[in-house]
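Understanding the architecture of this molecule
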Amino acid sequence: MKINLLAIVGGLLGVMCILLPWTVTHIESPFGDTSSEMIMTDFIHEGDSAFTFAIVLFLLGSALALITPLGGVGQFFGWLIFLAAIIDDLGTEHTAIADITVSLGLGFGVGLVALALVFVSMIKPTGPGHTQATNDGRERFLTWCP
């Protein structure tokens, strides 16, 4: 049995990063400073279907990476759609009372690392049973290979 550990780690990391903050909002006002974080699933309630689509794609890609490294494609497009949906909200907005800064959080970066691990696992499968000389096409596209 050959096991592609990079794909497994990337898939599990992708599932776990859903629970990390993907955006951080910092408000500076004369009444005090506050910060709030939103995990990826909080964006389902934003009313924009792009966020829901991004979450589903990213989660399905992460779960699929436990079977095949091709799940990285779903992770990538989920991550990219999330970025496209949030990019207009990033930055600092100055109002009469406060400065509101929205930035990307830790979950966004960990999601990028997760999808990178899954893509690298397709190029160079790493784990028990894998050697440089025996990596053929089937082994590159399966996480668990007899």
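The preceding data block contains the structure.
What this report covers is the structure whose coordinates are included nearby. A quick note: this is a predicted structure, and the numbers were derived from the prediction, not measured.

Things to note about the overall build of the chain
Of the regular secondary structure elements, the chain holds 5 helices and 6 strands. In sequence order, the chain lays out its α and β elements as β-α-β-β-α-α-β-β-α-α-β. Its C-alpha atoms give the chain a radius of gyration of 19 Å, more than 25% over the compact-globule value 15 Å for 146 residues. Along the first, second and third principal axes, the C-alpha atoms of the chain reach 65 × 25 × 20 Å. The 146 residues of the chain split such that 36% are buried. Contacts spanning at least 24 positions in sequence make up 67% of the contacts within the chain whose residues lie at least 6 apart. Of the roughly 7800 Å² of accessible surface on the chain, 71% is carried by carbon and sulfur atoms. Averaging the coordinates of the 4 positive side-chain charges in the chain and doing the same for the 12 negative ones gives two points 37 Å apart.

Remarks on the nonpolar core
Trp22, Met40, Phe58, Trp79, Phe82 and Phe108 are the most contacted members of the largest nonpolar core, which totals 16 residues. Among the secondary structure elements, those contributing two or more residues to this core are α2 (49-64), α3 (71-86) and α4 (106-123). Those residues in contact with phenylalanine 108, other than ones at most four positions away along the chain, are Pro21, Trp22, Trp79, Phe82 and Leu83.

Some words on the sheet that holds strand β5 (residues 99-104)
Across the sheet, which stays open at both edges, the 4 strands sit in the order β3-β2-β5-β4 with antiparallel pairing between neighbours. Either end of the sheet is taken by a strand with one partner, and the two such strands are β3 (32-39) and β4 (91-94). The sheet shows a mean angle of 15° between the axes of neighbouring strands, direction not considered. As paired strands, strand β2 (residues 21-29) and β5 are joined by 6 bridges and run antiparallel to one another. Counterpart to threonine 25 in the pairing with β5 is valine 102.

Conventions adopted
Residues numbered from 1 in each chain as written. Predicted model: local features only at pLDDT ≥ 70, side-chain atom pairs only at ≥ 80, totals over all residues. Heavy atoms only, no water. Helix = DSSP H or I, 4+ residues; strand = E, 2+ residues; numbered from the N terminus. Rg over C-alpha atoms; globule rule 2.2 N^0.38 Å. Buried < 20%, exposed > 50% of the residue type's maximum accessible area, 1.4 Å probe, protein only. Contact = heavy atoms within 4.5 Å. Areas by Shrake-Rupley, 256 points an atom, 1.4 Å probe, with all protein chains shown as cover. Lys, Arg positive; Asp, Glu negative; His and termini not counted. Charge placed at Lys NZ, Arg CZ, Asp CG, Glu CD. Core = buried A, V, L, I, M, F, W, Y, C linked by side-chain atoms within 4.5 Å. Pairing = 2+ DSSP bridges. Axes fitted to C-alpha atoms, helices over the stretch in contact; angles between N-to-C directions.

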